[in-house]
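Take a look at the letters that make up each chain.
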Amino acid sequence: MNEMTPVTDIATNAAPEKAKPALPDAQTVTEVKHWTDKLFSFKVTRPASLRFRSGEFVMIGLMNDPDPKTGKVKPLLRAYSIASPSWDEEMEFYSIKVEDGPLTSRLQHIQPGDEIILRPKPVGTLVHDALLPGKRIWFFATGTGFAPFASLLREPQTYEDYDEVIITHTCRTAGELTYGRELIESLKEDELLNEVIGEGFWKKIKYYPTTTREESPKMGRITDLMRSGEAFAELGVPPLNPESDRAMICGNLAFNLELKDLFENTYGLEEGANSKPAHFVVEKAFLD
Ligand SMILES: Cc1cc2nc3c(=O)[nH]c(=O)nc-3n(C[C@H](O)[C@H](O)[C@H](O)COP(=O)(O)OP(=O)(O)OC[C@H]3O[C@@H](n4cnc5c(N)ncnc54)[C@H](O)[C@@H]3O)c2cc1C
Ligand SMILES: NC(=O)c1ccc[n+]([C@@H]2O[C@H](COP(=O)([O-])OP(=O)(O)OC[C@H]3O[C@@H](n4cnc5c(N)ncnc54)[C@H](OP(=O)(O)O)[C@@H]3O)[C@@H](O)[C@H]2O)c1
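Residues numbered from 1 in each chain as written. Chains lettered and ligands numbered in written order. Predicted model: local features only at pLDDT ≥ 70, side-chain atom pairs only at ≥ 80, totals over all residues. Heavy atoms only, no water.

When you go through the chain residue by residue, the secondary structure sums to eight helices and 11 strands. If you line up the chain on its principal axes, its C-alpha atoms span 60 × 40 × 40 Å. Considering the chain as a whole, with its 288 residues, one finds that 50% of them fall into the buried category. Within the chain, residue pairs in contact and separated by at least 24 positions form 71% of the contacts whose partners lie at least 6 positions apart. As displayed, the chain offers around 13900 Å² of accessible surface, 51% of which is attributable to carbon and sulfur atoms. The distance from the centre of the 33 positive side-chain charges to the centre of the 45 negative ones in the chain is 5 Å. (Helix = DSSP H or I, 4+ residues; strand = E, 2+ residues; numbered from the N terminus. Buried < 20%, exposed > 50% of the residue type's maximum accessible area, 1.4 Å probe, protein only. Contact = heavy atoms within 4.5 Å. Areas by Shrake-Rupley, 256 points an atom, 1.4 Å probe, with all protein chains shown as cover. Lys, Arg positive; Asp, Glu negative; His and termini not counted. Charge placed at Lys NZ, Arg CZ, Asp CG, Glu CD.)

Following this line, the structure appears as structure tokens:
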């Protein structure tokens with residue numbers, strides 16, 4: 001696996017003194033890292049009463065500019081997967097920078113000490129509770145769809161419940177894989193997981209990163225690589241089957257639909273939900 005360095009990295013580690021909240025549901029930014037000109041991650045303080053399940057998402061945002069007519073200010077909120085695990089003291093998010101995006105054109109400029117709004121109502125389908133017991137869990141992501149898996153890969157239950165953990169990440173360019181690659185590398189040194197699951201737990205993980213528009217060691221859409229059988233041969237596992245395999249999908253709409261069709265009509269898997277656990281679950285990485 002090739003090591004890559006972030007294009008820009010302006011991490012600032014100093015946790016600022018907690019300022020008096022000026023926003024509703026305010027949390028303080030403690031760290032920001034820019035990975036490419038389109039991607040960044042950041043950490044914020046965690047509301048003391050907030051409980052969530054690894055893989056869930058919350059609404060976060062900033063205050064809008066005042067309405068020119070009424071002068072009123074309203075929150076501008078968007079859904080964000082929590083990228084940190086449920087046990088962590090802080091909360092991490094992994095974000096796109098949409099040039100003219102109402103939220104991210106501003107959110108990309110946050111600095112440690114700034115405040116964001118975080119509505120403490122976590123929800124989502126990418127949770128262990130929505131899957132029946134199995135032997136092997138697959139995480140399928142495109143782009144920022146990696147975020148919920150950044151949480152689940154740091155969640156002890158993932159390794160308690162499964163013998164094998166396979167994470168595939170398809171991005172346009174190699175730089176867009178860096179956040180995920182570094183996170184997976186860092187798991188080897190994860191104190192909690194080494195203690196709770198046992199040293200060498202990370203050997204359960206198989207990481208399969210691919211790019212589609214820039215040269216990298218593995219090129220192609222994961223869907224095509226599965227259909228051709230190449231992905232299974234390289235991972236050294238058979239195609240998914242309902243007895244042993246469980247999966248979570250988080251990507252753009254076309255990706256989600258293509259995988260869902262493949263799972264249901266080729267591999268015979270059934271979609272699950274919180275209310276009815278089954279073989280796989282799906283969530284949109286963003287609204288197209
Ligand atoms: C359940 C759920 C979870 C989400 N989790 C995350 C997350 O963890 N990280 C994250 O960055 N975004 C996430 N999103 C998308 C997020 O809600 C916003 O759309 C995003 O922050 C951009 O906001 P915006 O106001 O700048 O632009 P918007 O007006 O919201 O989006 C403008 C356009 O930008 C594109 N776009 C938006 N988000 C993305 C994205 N993540 N990747 C690629 N293209 C995108 C789409 O074409 C969209 O139509 C999630 C969305 C949903 C529904
Ligand atoms: N990322 C960039 O550098 C970039 C640049 C300009 C604009 N944008 C805009 O930003 C938005 C999101 O870009 P993004 O790159 O984060 O996300 P994206 O367009 O969802 O692409 C992410 C990855 O998913 C792959 N993919 C798309 N559909 C798929 C499918 N049905 N099956 C399997 N794989 C599939 C893409 O492959 P393919 O490359 O084969 O589609 C790409 O590798 C888009 O609206 C885009 O217009 C992004």
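Anyway, onward from the coordinates.
Once that is clear, we can look at the site of ligand 2. Neighbouring ligand 2 are 14 residues; Glu176, Thr212, Arg213, Asn252 and Glu258 lie closest to it. The side chain of Arg213 places a nitrogen or oxygen atom 2.6 Å from an oxygen atom of ligand 2. At a separation of 2.9 Å, an oxygen atom of ligand 2 approaches a polar side-chain atom of Arg221. Taken by itself ligand 2 offers 860 Å² of open surface, and the protein chains cover 70% of this. Elements with a minimum of two residues in the shell around ligand 2: strand S8 (164–171) and helix H8 (253–267). The element that contributes the greatest number of residues to the shell around ligand 2 is H8, accounting for three residues. Among the residues forming the shell around ligand 2, the class breakdown is three nonpolar, five polar and six charged. (Near = heavy atom within 4 Å. Polar contact = N/O pair within 3.5 Å; in protein donor to acceptor, adjacent residues only side chain to side chain. Nonpolar A, V, L, I, M, F, W, Y, C, P; charged D, E, K, R; others polar.)

Here we take up a nonpolar patch on the surface. The grouping of Trp87, Leu192 and Val196 at the surface amounts to a nonpolar patch, some 250 Å² of accessible area in total. Tracing the sequence through the fold places Leu192 in helix H5 (residues 191–196). Under the relative-accessibility criterion, Leu192 is labelled partly exposed at 31%. (Patch = residues over 30% accessible without salt bridge, like charges linked within 9 Å, V, L, I, M, F, W, Y side chains within 5 Å. Salt bridge = Lys/Arg side-chain N within 4 Å of Asp/Glu carboxyl O.)

What follows covers the packing of aromatic side chains. Within this structure, the stated rule accounts for 14 aromatic pairs. On the numbers, 5.5 Å between centres and 25° between planes, the contact of Phe40 with Phe42 is stacked. Grouped by ring-pair contacts, the aromatic residues Trp138, Phe140, Phe232, Phe263, Tyr267 and Phe280 constitute a single cluster. The ring of Trp202 is capped by Lys188, whose NZ or CZ atom sits 4.8 Å from the centre of that ring. Geometry around Trp202 places Lys203 over its ring, the cationic atom sitting 5.7 Å from the centre. (Phe/Tyr/Trp six-rings, centres within 6.5 Å; stacked < 30°, edge-to-face > 60°. Lys NZ or Arg CZ within 6 Å of the ring centre and 35° of its normal.)

Here we come to the sheet that holds strand S10 (residues 245–251). Sheet architecture is open: five strands sit in the order S9-S8-S7-S10-S11, paired in parallel fashion. Both edges of this open sheet fall to strand S9 (205–211) and strand S11 (280–284), since each of them pairs with a single strand only. Taking each pair of neighbouring strands and ignoring which way they run, the sheet shows an average axis angle of 10°. Across six bridges, the pairing between strand S7 (residues 136–142) and S10 is parallel. Opposite Ala141, over in S10, you have Cys250 as the bridge partner. Lying over the sheet, H8 contacts S7, S10 and S11, oriented at roughly 160° with respect to S10. (Pairing = 2+ DSSP bridges. Axes fitted to C-alpha atoms, helices over the stretch in contact; angles between N-to-C directions.)

This part is about the side chain of Arg46. Within the secondary structure, Arg46 sits in the loop between strand S2 (39–45) and strand S3 (57–63). It is Asp88 that comes nearest to the buried, bridge-free Arg46 among opposite-charge side chains, at 6.6 Å. Within the structure, Arg46 has its side chain in polar contact with the backbone oxygen of Leu50 (distance 2.9 Å). Of the polar contacts made by the side chain of Arg46, one reaches the backbone oxygen of Asp88; its length is 2.7 Å. The contacts of Arg46, once residues within four sequence positions are left out, are Gln27, Arg51, Phe52, Pro85, Ser86, Trp87, Asp88, Glu89, Glu90 and Met91.

Okay, helix H4 (residues 178–186) next. Among the residues of H4, Thr178, Tyr179, Gly180, Arg181, Leu183 and Ile184 are the ones counted as buried. Residues of H4 that are buried sit in contact with S2, strand S5 (90–96), helix H2 (147–152), S8 and S9.

Moving on: the site of ligand 1. Contacts to ligand 1 come from 19 residues, most closely from Ala79, Tyr80, Tyr94, Thr104 and Thr144. One of the backbone N or O atoms of Leu103 is found 2.8 Å from an oxygen atom in ligand 1. When ligand 1 is considered free in solution it has 870 Å² of accessible area, and contact with the protein chains removes 79% of it. When contributions to the shell around ligand 1 are tallied by element, the ones reaching two or more residues are strand S4 (75–81) and S5. If one sorts the elements of the shell around ligand 1 by residue count, S4 sits on top with four residues.

Remember that the coordinates give geometry; whether it matters functionally is a separate question.
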